Amino acid sequence: MQEIITQQEINETVSALRARLSITPRVGLILGSGLNTLADSVSGAQIIPVRELPHWPLSTVMGHSGQLVIGALENKNVMVLQGRVHYYEGYHMSQVTLPIRVMHKLGVDVLIVTNAAGGINPNFLPGDVMLITDHLNLAGMMGLNPLIGPNLDEFGPRFPDMSQAYDRSLADIARQSALEAGVTLREGVYAGLSGPSFETPADLRFLHMAGADSVGMSTVPEVTVARHGNMRVLGFSGISNKANLDGSTITTHDEVMEAGRVITPKMEKIIRGVLRAL
Ligand code: HPA
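All values derive from a computational prediction rather than experimental measurement.

Caption draft 1: Geometry of the site of the ligand. Lining the immediate surroundings of the ligand are Ala116, Ala117, Gly118, Phe198, Glu199, Val215, Gly216, Met217, Ser240, Asn241 and Val256. Within the side chain of Ser240, one N or O atom sits 3.4 Å away from a nitrogen atom of the ligand. In the model, a nitrogen atom of the ligand is placed 2.7 Å from a nitrogen or oxygen of the Asn241 side chain. For the ligand, the accessible surface in isolation is 260 Å², of which the surrounding protein chains cover 94%. If you list the elements that add at least two residues to the shell around the ligand, you get β5 (110-119), β8 (214-216) and β9 (232-242). The element best represented in the shell around the ligand is β5, accounting for three residues.

Caption draft 2: Main features of the packing of helix α5 (residues 168-181) against helix α8 (residues 253-277). Where α5 meets α8, the closest approach of the two axes is 8 Å, and the angle between their N-to-C directions is 120 degrees. When the axes of α5 and α8 are compared, the pair comes out oblique. The crossing of α5 and α8 is right-handed. Residues Ile173, Ala174, Ser177, Ala178 and Ala181 of α5 form the contact with α8, whose own contacting residues are Lys269, Ile270, Gly273, Val274 and Ala277. When grouped by side-chain class, the residues that make up the contact of α5 with α8 number seven nonpolar, two polar and one charged.

Conventions used here
- By convention here, each chain's residues receive numbers from 1 onward along its written sequence.
- With pLDDT at 70 or above as the cut-off, local features in this predicted model cover only qualifying residues; side-chain atom pairs require 80 or more to be listed or tallied, and sums for whole chains, interfaces and linings still use all residues.
- Remark: hydrogens and water are excluded; side-chain values derive from all non-hydrogen atoms of the structure.
- Residues are labelled near a given molecule or strand when at least one of their non-hydrogen atoms is within 4 Å of it.
- Pairs of N or O atoms within 3.5 Å make up the polar contacts considered here, provided that, within protein, one atom can donate a hydrogen while the other can accept it, and that residues adjacent in sequence are counted only when both atoms are side-chain atoms.
- Under the convention used here, a 1.4 Å probe and the Shrake-Rupley method define accessible areas, while residue burial counts only the protein chains that appear.
- Here a strand is any run of E in DSSP of at least two residues, a helix any run of H or I of at least four, and the numbering for each starts at the N terminus.
- Whenever a helix is involved, its axis is fitted only over the stretch in contact; in every case the axis is a line through C-alpha atoms, and angles between N-to-C directions fall within 0 to 180 degrees.
- Roughly parallel means an angle under 35 degrees; roughly antiparallel, over 145; roughly perpendicular, 65 to 115; everything else is oblique.
- By definition, turning the near helix anticlockwise from the far helix through less than a right angle yields a left-handed crossing, and turning it clockwise yields a right-handed one.
- By definition in these notes, contact holds between two residues if any of their heavy atoms fall within 4.5 Å.
- Ten residues, namely Ala, Val, Leu, Ile, Met, Phe, Trp, Tyr, Cys and Pro, are considered nonpolar, four, namely Asp, Glu, Lys and Arg, are considered charged, and the remaining ones, Gly among them, are considered polar.

Function cannot be read off these values alone, since they describe shape.
In structure tokens form, the structure reads like this:
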């Protein structure tokens, strides 16, 4: 497998997509496992199966359909990715994050990311929505950072700042939107692991001590690349299951997909409010 996506390959993907787009997207949305249905309410939607695009990594996971939906949500031009790929599928980190590079080059400057996550914070319940205020880049600490390799100077610096990975003013807008929609919004730190195995109870106790409130297998690479390109980022975890610090219950992918059905309408209300306020 080819290891690192080059600037030229990014440009090829961008050209192929631009040739088909009838609008310029401003807001990028990446939908996590079981949270795909938000894309169904995009109006004037243009749907592009990602397998028709050069270099685009194809999802292998149930619940990720692999298409771009471009159109308007709350009168904002959006580009929604249904079906991100994950590192655990065997792709290189630069492939996992190609969609962010492409969105950036097409003009997207606000990125909204969602994921399904285990709730580590003992106050969280399955079905909750958590505003991501920061993340633990655990995969990155182990050497799996998507910015490893030649720096793409066109996008950003060799050593990008990550002190405010999640945009504070967008977070304020999200809090206000949740309040107006009557949706309880939790807040916390997302721990990004590579997966695909779920965590052991010892892993989870470690993450809890390290300050994590939710845990999942995505998002951090995309946010890292988005910040490299100075995009403003807003992130949400849908809490699909309670992380089980004492090993008394098991976590399944079915559980994650089922919780998505409860979480999606809440996230949709919050995200619509944010889009209206942008
Ligand atoms: N752990 C990791 N990833 C997840 C989980 C979890 O408990 N739930 C949904 N994605």
